[in-house]
Amino acid sequence: MQKILVTGNGPLHGEVAVSGAKNAVLPILCATLLTEEPVTIRNVPNLHDVQTTRKVLEGLGAKVTTDEKVFGTGLESFMTVDSSTVNSHIAPYELVKTMRASVLVLGPLLARYGEAEVSLPGGCAIGSRPVDLHIKAMQSLGAEVVVEHGFIKAKAKGARLVGAHHSFDIVSVGATENALMAAVLAEGTTILDNAAMEPEIVDLADCLIAMGASIIGHGTSRIEIHGVESLHGATHDVVADRIECGTFLVAAAMSRGKITTTHSRPETMDAVLDKLREAGAEITIEGDRITLDMKGQRPKAVDVTTAVHPAFPTDMQAQFMALNCIAEGVGIIRENIFENRFMHVSELQRLGADIKVEGHTAIVRGVDQLSGAPVMATDLRASASLILAGLVADGETLVDRIYHLDRGYENIEAKLQGLGAKIKRVD
Ligand code: UD1
């Protein structure tokens, strides 16, 4: 199994291009099921989760093609999905168990074909992560749903789903996306209250609007959707990955370096950029470029509390934990979104970190120097935090189970090498 070897190598310097957002491209790929016409998606990151979604779509009968074109200084990848050939409405366990986001075909299948059978995703390392909120939203829109033999089996009661006023019990990114995709083809108006406001939801809504949907209020907690009879083909550019971008910025801050991210979307990153400023970074924004300069200084520890957007994202928690491990002072990290998202703690401790966990709170006392060691990645963002720690540790850090990393970071070792890091993939 492949591993990543990182050797501590001083401050990071240079420019790095941010890829398209994993959490935007996955629902957008599922949204292509809503029309018979081909939809072309640009700025598609080359990620394992994108390949899994492709397999889910192909399993349903869709035709998926990819193409690449040199664009400016980089290579731009396109993916076109033609759903006119869809002949199944079943998302099987083999695929859904490897990627929870496969559940996002539920809303589109139900809206377009009136029925869907999607395997229950099951547990995952960062918590039990149920799908009850997705199911309740489908029921509000007029679907009959039963859960049996490990599958969510949903059927529209009439020819089409019916618009409704639905208020989510708690804010969920995935459930908001499923409800939005189901409602665009429903008869009448749907109001979604207590909706998630993440930039990836805005990107999905923008893509749906390009396909002919009528949506207002996306990016706020109330989304209003006027159902239309059919959608058409479109071309959509995926929004920049704010989590990938934030990961590089934290790496630069930890290494006391100076880097610029290009193709970024700074306006989606306020909470993270504020925390980096608090840690002592000078941040300069020019269009889609974010420059972080530590001026050679050690970062200061910061307190972080995860919450729904626009507050601090849970997907950046592990990276800020790594930063606090080598920062000056004590940082308190509170995880409010997932019940079990501190598995990186014991691995960071193997590198010499001083962390105490009390329930959902981690108290991190910065040490002067981490020391490299073999460690094991436990989930996607935990893998990133171990690489960041390895970049500033003394000696070599060997990160095992990097398949988690390949689910969500495009070419991370090449991108970090471009910033001067000593990092390579080994067998
Ligand atoms: C998405 C992101 C993930 C991010 C998370 C929170 C994608 C592909 N993934 O995941 O990277 O960490 O948002 O920002 O976009 N919950 C329920 N019942 C449900 C659904 C969710 O109780 O039916 C709970 C979850 O267990 C969790 C909370 O709601 O505690 C938020 O989860 P949710 O926003 O749904 O996360 P995902 O959409 O799975």
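Rules used in this analysis
- Residues numbered from 1 in each chain as written.
- Predicted model: local features only at pLDDT ≥ 70, side-chain atom pairs only at ≥ 80, totals over all residues.
- Heavy atoms only, no water.
- Near = heavy atom within 4 Å.
- Polar contact = N/O pair within 3.5 Å; in protein donor to acceptor, adjacent residues only side chain to side chain.
- Areas by Shrake-Rupley, 256 points an atom, 1.4 Å probe, with all protein chains shown as cover.
- Helix = DSSP H or I, 4+ residues; strand = E, 2+ residues; numbered from the N terminus.
- Nonpolar A, V, L, I, M, F, W, Y, C, P; charged D, E, K, R; others polar.
- Salt bridge = Lys/Arg side-chain N within 4 Å of Asp/Glu carboxyl O.
- Buried < 20%, exposed > 50% of the residue type's maximum accessible area, 1.4 Å probe, protein only.
- Phe/Tyr/Trp six-rings, centres within 6.5 Å; stacked < 30°, edge-to-face > 60°.
- Pairing = 2+ DSSP bridges.
- Contact = heavy atoms within 4.5 Å.
- Axes fitted to C-alpha atoms, helices over the stretch in contact; angles between N-to-C directions.
- 1 Å grid on protein atoms, 1.4 Å probe; cavity = no way out; pocket = protein on both sides within 12 Å on 5 of 7 lines; lining within 4 Å.
- Points joined across faces, edges and corners; volume = space filled by probe spheres on them.
- Parallel < 35°, antiparallel > 145°, perpendicular 65-115°, else oblique.
- Left-handed = near helix turned anticlockwise from the far one by under 90°.

Colleague: What is the right way to look at the site of the ligand in this model?
Modeller: Surveying the vicinity of the ligand reveals 18 residues, the closest of which are Asp132, Ser172, Val173, Asp315 and Ile337. Contacts to the ligand include Asn23, whose side-chain N or O atom sits 3.0 Å from an oxygen atom. Within the contact set of the ligand, an oxygen atom lies 2.6 Å away from a side-chain nitrogen or oxygen of Ser172. Out of a free accessible area of 750 Å², the ligand has 85% covered by protein chains. Those elements that provide at least two residues to the shell around the ligand are helix H5 (132–140) and helix H6 (173–183). Residue composition of the shell around the ligand, grouped by class: eight nonpolar, five polar and five charged.

Colleague: What should I look at first to understand the pattern of salt bridges in this one?
Modeller: Once the charged atoms of two side chains with opposite charge are near each other, the side chains can pair. Applying the stated criterion to the full structure yields 21 salt bridges. For Lys295, the salt bridge is made with Glu282, and the minimal N-O distance between the two is 3.4 Å. Here Lys295, found in the loop between strand S17 (289–293) and strand S18 (304–305), pairs with Glu282, found in strand S16 (residues 282–286); they are 13 residues apart in sequence, far enough to count as distant. Put simply, Arg425 and Glu413 hold a salt bridge, and the shortest N to O gap is 2.4 Å. Here Glu413 lies in helix H14 (residues 412–417) and Arg425 lies in strand S24 (residues 422–426), a separation of 12 residues in the sequence. Note on Arg425: relative accessible area 26%, which makes it partly exposed. Judged by its relative accessible area of 12%, Glu413 falls in the buried class.

Colleague: For this particular structure, what's the right way to read the packing of aromatic side chains?
Modeller: Aromatic rings considered in pairs are described by the distance between their centres and by the relative angle of their planes. Across all of its chains, the model carries one aromatic pair by this definition. Between Phe312 and Phe320, the ring centres sit 5.1 Å apart and the planes meet at 90 degrees, which makes this aromatic pair edge-to-face. For the pair Phe312 and Phe320, a shared accessibility class is recorded, and that class is buried.

Colleague: I keep staring at the sheet that holds strand S7 (residues 115–119) and nothing clicks. Help me out?
Modeller: Sheet strands pair via backbone hydrogen bonds, and the direction of the pair is either parallel or antiparallel. In space, the four strands of this open sheet follow the order S6-S7-S9-S8, with mixed pairing throughout. The open sheet has two edge strands, strand S6 (90–91) and strand S8 (143–148), and neither has a second partner. In this structure, S8 lies alongside strand S9 (residues 151–156), joined through six bridges in antiparallel fashion. When the sheet's bridge partners are listed, Glu144 is paired in S9 with Lys155. Its contacts with the sheet put helix H4 (residues 106–113) on S7, S8 and S9, and the angle it makes with S7 is roughly 160 degrees. On top of the sheet, H5 reaches S8 and S9; it is set at about 150 degrees to S8, its chief contact.

Colleague: Would you explain empty space enclosed by the protein in this entry?
Modeller: The rolling of a water-molecule-sized probe over the atoms marks out the regions of remaining empty space. Across all of its chains, the model carries one cavity of 30 Å³ or more by this definition. Put simply, the largest cavity is a space of about 50 Å³. Every residue lining the largest cavity is listed: Ala21, Lys22, Asn23, Glu200, Asp241, Arg242, Ile243, Asp315 and Arg381. Those elements giving two or more residues to the lining of the largest cavity turn out to be helix H1 (22–31) and helix H8 (242–254). Residue composition of the lining of the largest cavity, grouped by class: two nonpolar, one polar and six charged.

Colleague: What am I meant to see in the packing of H5 against H6 here?
Modeller: Helix-helix packing is described using two parameters, namely the angle between the two axes and the distance between the axes. In the contact formed by H5 and H6, the axes pass within 8 Å of each other and the chain directions differ by 25 degrees. In terms of their interaxial angle, H5 and H6 are classed as roughly parallel. The crossing of H5 and H6 is right-handed. Only Gly174, Ala175, Asn178, Ala179 and Ala182 of H6 make contact with H5, whose side of the interface consists of Leu133, His134, Ala137 and Met138. Taken together, the residues of the contact of H5 with H6 sort by class into six nonpolar, three polar and no charged.

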